[in-house]
Amino acid sequence: MKVVLRAAAELKIVTAIRRAGGAEAGGVLLGHFEDGDLIASDVLVVPGEAPSTHRYTRDGAQANALLQRFRAAHPEDELTGYVGEWHSHPVMSSPSGVDKATARAIARDVHGSAVVVVAALHPVVGFSAVEAVPRRLRPAALTDVVVERSENVVEIAEGSVDPDGPIFISYRQSDGTEDADTVSRFARAAGLVVWRDHRDLRPGTTVHRLREALKSGLSGAVLVVTKQIECSTIVREVEAPALVALDEDSGFALSVANTLANPDNPAKVDFSAPDRILGFSDGELAAKKQSDIRTVDGVLEIIRDQVRHRVAQRKDEIADRGDVFTLEVQSRPEPTADDASGADLHIRLDPSPGRLPDTASVRALAATFPFTGDAIHMSRATTVEVRGGMHLSLALALGAALPETKFSDVRVVDSSGLVWGSGGGGQPPRVVSATVGDAADRSSKKIAVHIGLGSLNSGPAFDRLVASGGFTAAYALTVDVDGLLSADDGVAVAAAISAELKSLSADADNAEVHLAFHGPFPLAVLVGRRLNTLQVVAYEWDNPSGEGPAVYVPSVRIVSGLTAGPITEVLLR
């Protein structure tokens with residue numbers, strides 16, 4: 001005979017020992033017998049009677065109550081039941097004389113064989129066991145038993161939780177992929193780095209690579225619970241037990257994304273279902289916050305919680321670097337878990353097949369932009385530092401999410417390491433404007449504006465936009481520079497551009513500004529910070545066929561100062 005210890009059972013035992021804080025812990029084994037072996041699929045942790053560092057005595061009344069609760073919660077499971085006992089030792093050793101006496105006493109009481117498993121964390125995680133087999137008119141025979149550990153166990157050690165690490169998305173592919181995609185998209189748009197199997201799983205044996213990922217330094221996880229997840233051996237035996245164990249660390253945040261309707265009230269989710277279908281006997285998941293991700297609000301609840309957790313873990317580091325909040329952004333490269341770095345948030349969008357940003361990701365960005373400002377305020381940072389690059393319509397929106405009326409010191413670091421936003425000396429270049437085309441629809445209350453550098457030539461794509469009609473007037477604004485614009489002049493030039501935009505809008509009865517920006521990413525962010533009082537439609541340049549005429553495509557509608565975020569409408573199709 002041998003004891004086959006499943007991954008979930010082992011991780012629960014290890015977690016209980018760590019929770020005990022030096023005192024011995026223990027409880028009962030749940031499982032069944034198969035071909036002469038004991039299959040321990042789960043455990044119950046039972047409080048001890050005055051536990052100490054060298055003794056554990058199970059509270060019988062508590063054990064019976066927990067067993068009854070387990071049976072009531074799993075009426076359909078006729079296979080799993082009481083199969084033995086377990087408790088911990090301070091260091092790894094064989095079962096003691098007390099353990100053997102306990103096994104004999106249990107064998108006498110149940111009129112059958114009894115198994116006691118001993119566990120320890122030092123010097124390494126290990127297990128031993130003894131079996132007592134009753135004999136007629138003699139004490140039960142004792143036999144040392146081999147404990148076979150599951151290869152699926154993820155050993156949680158120092159470094160398994162990392163506040164800079166990604167969040168792990170656990171799900172069943174057959175019916176959970178769409179939900180996992182949604183959670184991932186919103187998480188990335190909010191600035192969280194995500195670990196997903198189809199992008200981040202390294203070549204090799206799947207279970208082995210998953211175990212490596214789960215102990216490689218995560219900051220959190222989202223467990224997506226769908227109907228078919230109980231059919232996933234990997235989720236049940238590898239991912240879910242490991243994530244619950246990781247959540248014992250205060251630096252880790254586990255969110256449960258529930259999709260299963262409560263049979264008595266389908267408008268709500270069934271909070272007991274995750275434990276039931278994933279085999280947790282003691283309500284581990286019911287005790288955690290669960291969000292109904294059948295609605296966008298439920299997804300946003302998870303993302304907000306994860307962002308707040310990340311920032312809370314990084315407050316001291318932000319203070320140590322002089323109260324500077326770092327924000328990395330990218331809307332073009334494919335996001336991966338390797339994006340994790342020292343930045344406080346990493347806004348990423350899924351790539352699109354063409355030049356325009358991915359529409360679904362922009363919608364997620366619009367919904368999560370308010371979390372960016374909340375995170376900065378929560379961190380108590382006095383300076384925001386932005387790095388990276390984005391589509392220019394989104395850079396304008398990012399600036400509007402960081403308005404100068406709320407964030408006085410925002411700096412943008414360009415690809416050369418130059419800082420835009422810290423101001424500079426000398427006389428900045430002029431911003432000049434000129435009328436474009438024959439736009440004269442006085443009833444539209446819309447003006448078209450092209451912003452460029454060095455030339456008033458707005459280009460054929462903007463000319464086509466103006467010719468399409470519907471604008472009161474059209475203008476070309478340019479920064480009068482010969483060559484590249486200096487980073488030192490960024491703030492002054494952005495202020496001059498925004499002042500000119502407000503003046504042109506006011507002259508047209510506060511018309512909505514349809515803005516085609518053609519310039520450096522840092523300047524777009526700085527201009528966006530100064531769009532207050534304006535309603536703006538930001539455009540993207542596109543040449544869909546690669547051969548035909550280029551066009552400007554409406555991307556997002558921007559209104560600064562709104563609680564729900566600056567993007568009021570996504571216009572991409």
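Residues numbered from 1 in each chain as written. Predicted model: local features only at pLDDT ≥ 70, side-chain atom pairs only at ≥ 80, totals over all residues. Heavy atoms only, no water.

Novice: Describe the overall build of the protein chain, listing the residues and the values that go with them.
Specialist: A tally of helices and strands in the protein chain yields 14 helices and 26 strands. Based on the C-alpha atoms only, the size of the protein chain along its principal axes is roughly 110 × 45 × 40 Å. Counting all 573 residues of the protein chain, 53% fall into the buried class. A fraction of 71% describes how many contacts in the protein chain between residues 6 or more apart in sequence connect residues 24 or more apart. With an accessible surface of roughly 24700 Å², the protein chain has 48% of that area assigned to carbon and sulfur atoms. Taking the average place of the 56 positive charges on the side chains of the protein chain and the average place of its 75 negative ones, the gap between the two points comes to 3 Å. (Helix = DSSP H or I, 4+ residues; strand = E, 2+ residues; numbered from the N terminus. Buried < 20%, exposed > 50% of the residue type's maximum accessible area, 1.4 Å probe, protein only. Contact = heavy atoms within 4.5 Å. Areas by Shrake-Rupley, 256 points an atom, 1.4 Å probe, with all protein chains shown as cover. Lys, Arg positive; Asp, Glu negative; His and termini not counted. Charge placed at Lys NZ, Arg CZ, Asp CG, Glu CD.)

Novice: So what's going on with the packing of helix α10 (residues 359–379) against helix α11 (residues 392–401)? Which residues, and what values?
Specialist: The interhelical angle for the contact between α10 and α11, taken along N-to-C directions, is 10°, at an axis separation of 11 Å. One finds that α10 runs roughly parallel with respect to α11. Here α10 contributes Val362, Leu365 and Phe369 to the contact with α11, which in turn contributes Leu394, Ala397, Leu398 and Ala401. (Axes fitted to C-alpha atoms, helices over the stretch in contact; angles between N-to-C directions. Parallel < 35°, antiparallel > 145°, perpendicular 65-115°, else oblique.)

Novice: Could you give an account of the environment of Ala187, naming the residues involved and the relevant values?
Specialist: Considering the arrangement of structural elements, one finds Ala187 in helix α4 (residues 173–189). Spatially, the C-alpha atoms of Ala187 and Arg348 are 8.8 Å apart, while their sequence positions differ by 161 residues. Those residues in contact with Ala187 that sit more than four places away from it in its chain are Ile167, Leu192, Val194 and Ile303.

Novice: Pulling in residues and values, what's your account of the sheet that holds strand β20 (residues 431–435)?
Specialist: Ordered by their spatial adjacency, seven strands build an open sheet running β20-β22-β21-β23-β24-β25-β26, and the pairing between neighbours is mixed. Both edges of this open sheet fall to β20 and β26 (567–570), since each of them pairs with a single strand only. Strand-to-strand twist of the sheet, defined as the mean angle between neighbouring strand axes without regard to direction, takes the value 25°. With seven bridges joining them, strand β21 (residues 446–453) and strand β22 (residues 473–479) adopt parallel strand pairing. The residue of β22 that forms the bridge with Ala448 is Ala474. The sheet contacts of α11 involve β23 (512–517), β24 (535–542), β25 (551–559) and β26, and relative to β25 the element is tilted by about 10°. (Pairing = 2+ DSSP bridges.)

Novice: Describe in detail the sheet that holds strand β4 (residues 81–88), supporting the description with residues and values.
Specialist: Here we have seven strands rolled up into a closed barrel, ordered β1-β3-β2-β4-β5-β6-β7, and mixed in their pairing. Looking at each pair of strands side by side, their axes are set apart by 35° on average, direction ignored. Bridge analysis of strand β2 (residues 26–34) against β4 gives six bridges, and the strand direction is antiparallel. Each residue of the ladder has a partner; that of Gly26, found in β4, is His87. Against the sheet, helix α1 (residues 7–20) contacts β1 (2–5), β3 (37–45), β4, β5 (114–120), β6 (126–135) and β7 (138–149), and its axis sits at roughly 40° relative to β3.

Novice: Give a description of helix α12 (residues 460–467) that names residues and reports values.
Specialist: Ala461, Phe462, Leu465 and Val466 are the residues of α12 that are buried. Each buried residue of α12 sits inside an arc of 140° when the element is viewed along its axis, so together they form one side. Opposite the buried face of α12, by more than 90 degrees, sit the exposed residues Pro460 and Ala467. Buried residues belonging to α12 abut β21, β22, β23, β24 and β25. Count one or two residues on from α12 and you reach Gly469, which has phi positive near 90°. (Arc of directions from axis to C-beta.)

Novice: Please provide a residue-by-residue account of the pairing of β24, values included.
Specialist: Within β24, six of the eight residues are buried, which leaves it mostly tucked inside the rest of the structure. Both β23 and β24 contribute to a ladder of three bridges, which runs parallel. Its bridge partner being in β24, His514 is matched across the sheet by Val537. Sheet topology note: the β24/β25 ladder contains eight bridges and is antiparallel. The residue bridging Val537 from the neighbouring strand is Arg557, located in β25.

Novice: Any chance you could break down the domain arrangement of the protein chain for me, citing the residues and the numbers?
Specialist: Taken as a whole, the protein chain is organised into domain 1 (2–149), domain 2 (167–317) and domain 3 (384–570). Domain 2 and domain 3 are separated by 39 Å when their C-alpha centres are compared. (Domains from an automatic or database assignment.)

Novice: Which residues make up a positive patch on the surface, and what values go with them?
Specialist: A grouping of Lys100, Arg104, Arg135 and Arg138 is seen on the molecular surface, where their side chains present a positively charged patch. Judged by relative accessible area, Arg104 falls into the partly exposed class, the value being 33%. (Patch = residues over 30% accessible without salt bridge, like charges linked within 9 Å, V, L, I, M, F, W, Y side chains within 5 Å. Salt bridge = Lys/Arg side-chain N within 4 Å of Asp/Glu carboxyl O.)

Novice: Give me the lowdown on the packing of aromatic side chains, citing residues and values where you can.
Specialist: Aromatic rings in a pair are described by how distant their centres are and how their planes are angled relative to each other. Overall, the coordinates contain one aromatic pair when judged by the stated rule. The ring of Phe471 has Lys446 lying over it, and the distance from NZ or CZ to the ring centre is 5.4 Å. (Phe/Tyr/Trp six-rings, centres within 6.5 Å; stacked < 30°, edge-to-face > 60°. Lys NZ or Arg CZ within 6 Å of the ring centre and 35° of its normal.)

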